[in-house]
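One-letter residues, chain by chain:
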Amino acid sequence: MEASQILAVLKKKLAFLSGGKDRRSGLILTIPLCTEQTSMEELSATLDYLLGIPSEKCKARGFTVIVDGRKSQWNIVKTVVLMLQNVIPAEVSLVCVVKPDEFWDKKVTHFCFWKEKDRLGFEVILVSANKLTRYIEPCQLTDEFGGSLVYDHLDWLNKRLVFEKFTKESTSLLDELTVINENEKGSQAEKERSSESNILPSFDPETVLQTGHELLSELQQRRFNGSEGGGGGTAWSPMDDELLAQPQVMKLLDSLREQYTKYQEVCRQRSKRSQLEEIQTKVMQVVNWLEGPGTEQLRTQWGIGDSIRASQALQQKHEEIESQHSEWFAVYVELNQQIAALLSAGDEEDLVELKGLQQQLSDVCYRQASQLEFRQNVLQSAHEFHMTAQDLSQQLDGLLGMLCADVAPADGAAIQQTLKHLEEKLKSVEGALQSLREKGQVLLDQMSTQTSFSYGKDVSIENKENIDHIHSVMEDMQLRKQRCEDMVDVRRLKMLQMVQLFKCEEDASQAVEWLGELLDALLKTHIRLGDDSQETKVLLEKHKKFVDVAQSTYDYGRQLLQATVVLCQSLRCTTRSSGDTLPRLNRVWKQFTVTSDERQHRLEMASAFHTAAEKILRESPELAELMVDVEAYEEVETVGKGLLDRLTVPVIFPDGSEQFFGSPGDMASSAESIRERMKLVEEKRFLQEEAEQRLDEEALEAGPRES
């Protein structure tokens, strides 16, 4: 009996196996009676179904039946207890009738069951719900009896339906797979008939296996997790293997996996035989086309063309041929992969045939691919040769145009750039000619090996025309390049002279700029006059060296301008820059000369001032015999005032313009230094005068005493 057949009855929960056990490890069967009239037929059907679930070993331990009569009448309870004798007489060990607290006559009910004990074959006890734990552990009782065992009847019923469905489908699938696998072991003719019939199982093996694994996983999880209730004893679940036959599920899965593995091998063998036949057909199709129409297409294509356009047309035609071959080569790649897969997993009887097909297919395809590649290489080399020849011709035309044009230089940099451009073009022409020779030689070498791919066709006449064309192009380019080289030599000499001319003019202008920078540095940075005579002498020496540098710069500029005159006469041209360079050079030099002379005079005055001041300051005013002459003081004052006055006067250039040394602050600093030293000299003069006055007074006092 299947649960699906009495699903409506089972949903009523007239009886159930909660998974709990009594102290003898016997299963507990619960019959919850309700206030409504219980159908004995439905209860009997439910008990028959439930008693068919446990194993014989489990049944041998006996059942403890709990008849919950708290919501039912005594007559119904008695009928149910008596019915157990007919349904499960040998398996019942104990019947616990859970009585209500009132209404039943205890003496009558006890006497009736005691009277029928021998005939029933099992013991019946009346017990209150709160005293049921005297016979059964609380952890093995459900919550309606005060226990902690968790039981979900709908969940149990759903799992039973899944289990029975899996059992039914797996058993049917096993029978079908066994028949299919046994038929495959027959003769070759039977194999062919079996392959033609292509018998498929009624159920999908993968789906059935997945259902079984999920069911087994659920059973194992329930077995090891169990319910959370109950203090002592082992946790129990209604989906235990003794209730839902976990070993049966495992056994079915093992058998199903075994037969399914064999069935997969059968399908693989069928697929391999079908694939092998299909491969043989496709291999012959590829071989026949490549050796027939494909070969004929290549026999008609051997020219290289005499120009870029002609070579491009030949390449386009070859691409069309390659496109047709590519479709068959794609089939070859697919077939080769299929054959390789079969070889890696094929039987010994198929290896020789497969290797033969693979070798035949590879030989034909590689030979045809080599011929296509050779033809493509020849056309590519011819195209590159014609491209290089055209590029070289254009470069020679451009170079000749440059050589025929007049030279109109703007400056030295422009003529230098023009010369560099001319050299680059000539070098590019030489490189292009060398590349043309190399590409021509490559093409000639390929033409010499073309006979081996001619399929018996005589191509010597066509090759001779191609070879003559290649040599003719290379010789013509060589002659044109030689003529251009001769013209470049003449143009190079003239341009080098022009470069030298512009270089001299640029250097002369640079000399003017340098001289101007020296003048600017002289006016802005050569300001100090020294704090003593020694420092002033050092500054004088540095100034002389600075003037020498300026003199050499001026001389260098004059020499360059003289060289430009000579070069202009040689080239028969007038320079646009040397005309104003010489006046600028002379003007800057005159300004520098005036400024350097003024700097020289100021340094000399400062030297004289510091020398005279230091001579006075070194003398001791306390010694009479070392008294300084008044003329020395006056000299210091005169030179100092003259130097201060000169610091306020600007440098006047020949053109009337004026320029001061440094900034006003710089001049004020130099003047302050001079005034400080003049102040020291003045103080010493004052001390000396006081000393002389004291001496005079002492002399006057001494005179009367002597008289």
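Here's a quick rundown of the structure. (Residues numbered from 1 in each chain as written. Predicted model: local features only at pLDDT ≥ 70, side-chain atom pairs only at ≥ 80, totals over all residues. Heavy atoms only, no water.)

Overview of the overall build of the chain
Check the secondary structure of the chain and you find 19 helices and seven strands. By the burial criterion, 42% of the 707 residues in the chain qualify as buried. Taking all contacts inside the chain whose residues are at least 6 apart in sequence as the whole, residues at least 24 apart take part in 83%. As displayed, the chain has an accessible area near 38700 Å², and 51% of this comes from carbon and sulfur atoms. (Helix = DSSP H or I, 4+ residues; strand = E, 2+ residues; numbered from the N terminus. Buried < 20%, exposed > 50% of the residue type's maximum accessible area, 1.4 Å probe, protein only. Contact = heavy atoms within 4.5 Å. Areas by Shrake-Rupley, 256 points an atom, 1.4 Å probe, with all protein chains shown as cover.)

A few points about the side chain of Q600
Along the polypeptide, Q600 turns up in helix α17 (residues 578–618). When its relative accessible area of 18% is taken as the criterion, Q600 is described as buried. Setting aside residues no more than four positions away along its own chain, Q600 makes contact with L540, H543 and K544.

What to know about helix α18 (residues 630–647)
Taking 1.5 Å per residue as the helical rise, α18 with its 18 residues ought to reach 26 Å, and the 26 Å between its terminal C-alpha atoms agrees with that figure. Buried within α18 are the following residues: Y633, V636, G640, L643, L644 and L647. In an axial view of α18, the angular spread of the buried residues amounts to 100 degrees, which keeps them on one side of the axis. Among the exposed residues of α18, those oriented more than 90 degrees off its buried face are E631 and T638. (Expected span 1.5 Å × (residues − 1). Arc of directions from axis to C-beta.)

A few points about the sheet that holds strand β1 (residues 16–21)
With mixed pairing, five strands are arranged side by side in an open sheet as β1-β2-β3-β4-β5. In this open sheet, the two strands that pair with only one neighbour each are β1 and β5 (123–127). Between one strand axis and the next, the sheet turns by 25 degrees as a mean value, whatever way the strands run. Of the strand pairs in this sheet, strand β2 (residues 27–32) and strand β3 (residues 63–68) are connected by six bridges, and their pairing is parallel. Across the sheet, residue I28 finds its bridge partner in β3, namely T64. Packed on one face of the sheet, helix α2 (residues 40–51) meets β1, β2 and β3 and runs near 165 degrees to β2. Its contacts with the sheet put helix α4 (residues 74–87) on β2, β3, β4 (92–98) and β5, and the angle it makes with β4 is roughly 175 degrees. (Pairing = 2+ DSSP bridges. Axes fitted to C-alpha atoms, helices over the stretch in contact; angles between N-to-C directions.)

Considerations on the packing of α2 against α4
Two elements in contact, α2 and α4, have axes separated by 11 Å at closest approach and are oriented at 40 degrees. Between α2 and α4, the interaxial angle falls into the category oblique. Crossing handedness for the pair α2 and α4: right-handed. Contacts between α2 and α4 pair M40, L43, S44, L47, D48 and L51 from the former with I76, T79, V80, M83, L84 and V87 from the latter. Per-class residue counts for the contact of α2 with α4 are nine nonpolar, two polar and one charged. (Parallel < 35°, antiparallel > 145°, perpendicular 65-115°, else oblique. Left-handed = near helix turned anticlockwise from the far one by under 90°. Nonpolar A, V, L, I, M, F, W, Y, C, P; charged D, E, K, R; others polar.)

Describing unusual backbone geometry
Unlike most non-glycine residues, K13 shows phi in positive territory, near 55 degrees. Structurally, K13 can be placed in the loop between α1 (7–10) and β1. A positive phi is found at S25, a non-glycine position, where the angle reads about 70 degrees. Within the secondary structure layout, S25 lies in the loop between β1 and β2. Looking at S25, the relative accessible area reads 33%, which means it is partly exposed.

A word on the environment of L515
Tracing the sequence through the fold places L515 in helix α15 (residues 460–524). Each residue touching L515, except ones within four places of it in the same chain, is listed here: A550, T553, Y554, L585, V588 and W589.

Quick look at the pairing of β2
Counted residue by residue, β2 has five buried out of six residues, so it is predominantly covered. Taken together, the three bridges between β1 and β2 define a ladder with antiparallel strand orientation. Note on β2: the bridge partner recorded for F16 is T30. Taken together, β1 and the strand that follows it, β2, pair antiparallel across an intervening segment of five residues, in which S25 is found at a positive phi of about 70 degrees.

Some points on the environment of D520
Relative to the assigned elements, D520 resides in helix α15. Since its relative accessible area comes to 35%, D520 is described here as partly exposed. Taking the C-alpha atoms as reference, D520 lies 9.8 Å from G662; in sequence the two are 142 residues apart.

Considerations on the pattern of salt bridges
Considering all chains together, one arrives at 23 salt bridges under this definition. Residues D507 and K503 are paired through a salt bridge, measuring 3.5 Å at the closest nitrogen-oxygen approach. Placement of both D507 and K503 in helix α15 is noted, with a separation of four residues, approximately one turn of the helix. Between D531 and R528 there is a salt bridge; the shortest N-O distance is 3.5 Å. Look at D531 and you get partly exposed, because its relative accessible area is 41%. Accessibility expressed as a relative area gives 44% for R528, which makes it partly exposed. Each of E423, D489 and R492 takes part in a single network of salt bridges with overlapping partners. (Salt bridge = Lys/Arg side-chain N within 4 Å of Asp/Glu carboxyl O.)

A closer look at the packing of aromatic side chains
Summed over the entire model, instances satisfying the criterion amount to six aromatic pairs. Taking 6.3 Å as the distance between ring centres and 75 degrees as the angle between the ring planes, the aromatic pair formed by Y332 and Y366 counts as edge-to-face. In this pair, Y332 sits in helix α12 (residues 308–345) while Y366 sits in helix α13 (residues 348–404), placing the two residues 34 residues apart along the sequence. Note on Y366: relative accessible area 54%, which makes it exposed. Consider the rings of F546 and F592, whose centres lie 5.9 Å apart with planes at 35 degrees: the pair is tilted. Here F592 lies in helix α17 and F546 lies in helix α16 (residues 533–571), a separation of 46 residues in the sequence. In this pair, the class of F546 matches that of F592, namely buried. (Phe/Tyr/Trp six-rings, centres within 6.5 Å; stacked < 30°, edge-to-face > 60°.)

Description of the side chain of T142
Structurally, T142 is set in the loop between β5 and α7 (153–184). Overall, the relative accessible area of 5% leaves T142 in the buried class. Of the polar contacts made by the side chain of T142, one reaches the side chain of E144; its length is 2.9 Å. (Polar contact = N/O pair within 3.5 Å; in protein donor to acceptor, adjacent residues only side chain to side chain.)

Everything listed is a geometric property; what it means functionally is a separate question.
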